[in-house]
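Remarks on the overall topology
Residues per chain, in single letters:
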Amino acid sequence: MGERRKTAIYLRVSAEDSQGKAAYRGWKESPSISHQREYLLEYIRNDRRLAGSQILEFRDDGFTATNMERPGMQKMLESIRQNQIGCILVKDISRFSRNYIEAGTYLNQVFPFMGVDFIAVNDGYDSRDQKGLTIDFDTEFRTLVYALYSKDISIKVKTSFDTKCAAGEYVFGQVPLGYEKSREVKNRVVVNEREAKIVRRVFAMAVEGMTTTGIARKLFEEQVPTATELRYPDRNPVKGNRGWSSTMVRKILSNRFYLGEMAYGKSVGESVGSKKRIAVPKSDWKVMKNHHEPLVTPEVFALAAPTSPGHSTKRKRPKHPLTGKIYCGGCGYSLNYKPEKGNISGHFWCGRHSVLRIEDCCSCLKGDILEEMVLMLLNLELTGRGDLFRQREALEKFQRKRLAGVAKKERDYRKQYRDMEKERDYLYEQYAAGEMDAEGYRDRADQLTGQMEELSGRIVKAKAERCRVMKEAEGSKDDMEPVIRCSHLETLTGEAADVFIRRVWVYKDKRVEIEWNFSE
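In what follows, the accompanying structure is described. (Residues numbered from 1 in each chain as written. Predicted model: local features only at pLDDT ≥ 70, side-chain atom pairs only at ≥ 80, totals over all residues. Heavy atoms only, no water.)

**Quick look at the overall build of the protein**
Quick note on the threshold: Each helix is a run of DSSP H or I of at least 4 residues and each strand a run of E of at least 2, with the numbering of both proceeding from the N terminus. In this scheme, a residue with accessible area under 20% of its type's maximum is buried, one over 50% is exposed, and one in between is partly exposed, where area comes from a 1.4 Å probe on protein chains only. Contacts were defined at the residue level, with two residues in contact if any of their heavy atoms lie within 4.5 Å. Computed by Shrake-Rupley with a 1.4 Å probe, the accessible areas treat only the displayed protein chains as cover when residues are assessed.
From N to C terminus, the protein includes 16 helices and 17 strands. A total of 520 residues make up the protein; the buried ones form 38% of that total. Long-range pairs, those at least 24 residues apart, make up 65% of the contacts in the protein between residues at least 6 apart in sequence. Summed over its atoms, the accessible surface of the protein is roughly 31,000 Å², and 51% of this surface lies on carbon and sulfur atoms.

Encoded structure:
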């Protein structure tokens, strides 16, 4: 490995010994991380080819190895793409990845292509000794065992989780407003009287007939703290204001946890290590009644519920084409759309204004007027872009020429690399046949190795440049196609809004600003 690139040590420990637990015990990091660091540094000091090299450290304290979505791992891969790393050391392959296919891809294809050596000390794997061959059977079998082990652990953790829930333990993170985790009994929920008073008052106001918006406004005016403000008083407010909303009130009034019930099994993981969760039908949830002390009676809960049993809150009306794209210029929050009903026309309204009464909010704007304004501005924008059509042919010709030049440069680098490989092989044949002494062979071999590492970096950069040029060309084409298709619109459609409009800002004085979705 040449002197231009650094040696990386990668340290990882799973969530069972996470940084959070380490901090709780008074450690700055998990003991396993410290042990791995000392172990790998000692190995480097005793390795003739690595001793004295500059070392970069990447670590993931409390992350699973079943996927590559780890902060430290992503930083290390980015450094590899930038040609900064020439060798990676891990304690064993399971620290790098427990995914059998993923580990094989990196060890057999990605790292050899990037000219990066990989060493797993405990597994006895050193790619420098492979001489260009793929990983051996023992290493492949070991990575498969690691993958199966992860799946086994995942099943055991899930079983343990379900067993604890069935035994009445609360093993989730945050508890709802009005409760806290017991300091005496592990995984037990008890009433927090300060918070419980707020919850009981919310239910009382709902029973009296107040709307969720009215309740939120009342709590805000009286400066009653929210759950976040109570539990994290030092946290900075988001967007300059923080307070109650009708959504927060609705969640409290519909949460059966306040009846003393605990529900679990609401979702399942898509696969081992996947962050994606799949929702489980409500009828299949596991519910434990009389799990903890209730804050309200069933009668109060039924009277205060924001929706009656069996009532669906899902939209059954056509969606407005601008829904989700309209934002208030006063408070920065998304506007809600209320469709036409009786003598009231369809309109967008600011839900935050109804609670916070922010003076600069655009409290209400008719939907048909806003739609007409946006359509007019969109047609003006498309008309202005008509001149781009005449430049299209010249632009595509320039991009093709540019792409050909970048591709040729990459091909030339690859040819030089292959030629050097052949020269290195021939050099070894001469040395093995006794036609060259050891010193001469080593000097020329080291020279070739350095040149090949430099070429490897150039190949990576040339490939990245080629991909970027191709993406730019495709982006320009993608931008132009919808412009051609929608060169003049008589009505605003959802398709046109999604293609051309990123966000629409409306202000109190009915002024409208549009953020376009064009790449430039």
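On we go.
**Some words on the packing of helix α7 (residues 193–207) against helix α8 (residues 212–221)**
Heads up, the condition is: Here, axes are lines fitted to C-alpha atoms. For helices the fit covers the stretch in contact, and angles between N-to-C directions go from 0 to 180 degrees. Orientation is classified from the angle alone, with under 35 degrees giving roughly parallel, over 145 giving roughly antiparallel, 65 to 115 giving roughly perpendicular, and any other angle giving oblique. Put simply, a crossing is left-handed when the front helix is turned counterclockwise from the back one by less than a right angle, and right-handed when it is turned clockwise.
With their axes 10 Å apart at the nearest point, α7 and α8 run at an angle of 135° to one another. With respect to each other, α7 and α8 are oriented oblique. Crossing of α7 against α8: the hand is right-handed. Facing α7, whose interface residues are R201, V202, M205 and A206, α8 presents I215, K218 and L219.

**Some words on the nonpolar core**
So the rule is basically this: Working definition of a nonpolar core: buried Ala, Val, Leu, Ile, Met, Phe, Trp, Tyr and Cys residues. They are joined through side-chain atoms within 4.5 Å.
If you look at the biggest cluster of nonpolar residues, it comprises 32 residues, and the most contacted ones within it are L177, Y179, F203, W244, I252 and Y258. For this core, the leading source of residues is α7, giving seven residues. The contact partners of F203, leaving out residues within four places of it in the chain, are I252, L253, Y258, V296, V300, F301 and A304. With 28 residues, the next largest nonpolar core counts I326, C362, A496 and F500 among its residues.

**With respect to the pairing of strand β17 (residues 512–516)**
Formally: Pairing between strands is defined by DSSP: at least two bridges between the two strands are required.
Of the two faces of β17, the one lined by V512, I514 and W516 is fully buried and the one lined by E513 and E515 carries no buried residue. If you look at the hairpin formed by strand β16 (residues 501–506) and β17, you'll find five residues sitting between the two strands, and K510 has a positive phi there, around 70°.

**As for the pattern of salt bridges**
Heads up, the rule is: Salt bridges, as used here, are contacts in which a Lys or Arg side-chain nitrogen is within 4 Å of a carboxyl oxygen on Asp or Glu.
In total, this model carries 23 salt bridges according to the counting rule given. Here E261 makes a salt bridge to R256, at a shortest N to O gap of 3.1 Å. According to the relative accessible area criterion, R256 is partly exposed, its value standing at 40%. Connected through salt bridges with shared partners, the residues D47, D126 and R128 form a single ionic network.

**What to know about helix α2 (residues 31–46)**
Counted only if it meets this: Given a helix with a known number of residues, its expected span is that number minus one, times 1.5 Å. Note that the arc is defined by the directions from the helix axis to the C-beta atoms.
Between its terminal C-alpha atoms α2 stretches 23 Å, which fits the 22 Å expected from 16 residues at 1.5 Å a residue. All buried positions along α2 are accounted for by S32, I33, Q36, R37, L40 and I44. The buried residues of α2 occupy an angular sector of 135° when the element is viewed end-on, so they sit on one face. Along α2, the residues that are exposed and aim more than 90 degrees away from the buried face are H35, E38, R45 and N46. Structurally, α2 contributes buried residues whose contacts are with β1 (6–13), β2 (55–61), β3 (85–90) and α4 (93–96).

**Description of the sheet that holds strand β14 (residues 347–349)**
The three strands lie next to each other as β13-β14-β15, forming an open sheet whose pairing is antiparallel. Of all strands in the sheet, those with a lone pairing partner are β13 (336–338) and β15 (364–366), marking the two edges. On average, adjacent strands in this sheet sit at an angle of 25° to one another, irrespective of strand direction. Pairing between β13 and β14: three bridges, direction antiparallel. Bridging across to β14, K338 finds its partner in H347.

**Focus: the sheet that holds β3**
Sheet strands associate in pairs through backbone hydrogen bonding, adopting either a parallel or an antiparallel arrangement. Read across the sheet, five strands follow the order β2-β1-β3-β4-β5 without closing on themselves; strand pairing throughout is mixed. Of all strands in the sheet, those with a lone pairing partner are β2 and β5 (125–126), marking the two edges. Where strand β4 (residues 117–120) and β5 come together, two bridges link them in antiparallel fashion. Residue pairing for β5: I119 is matched across the bridge by D126.

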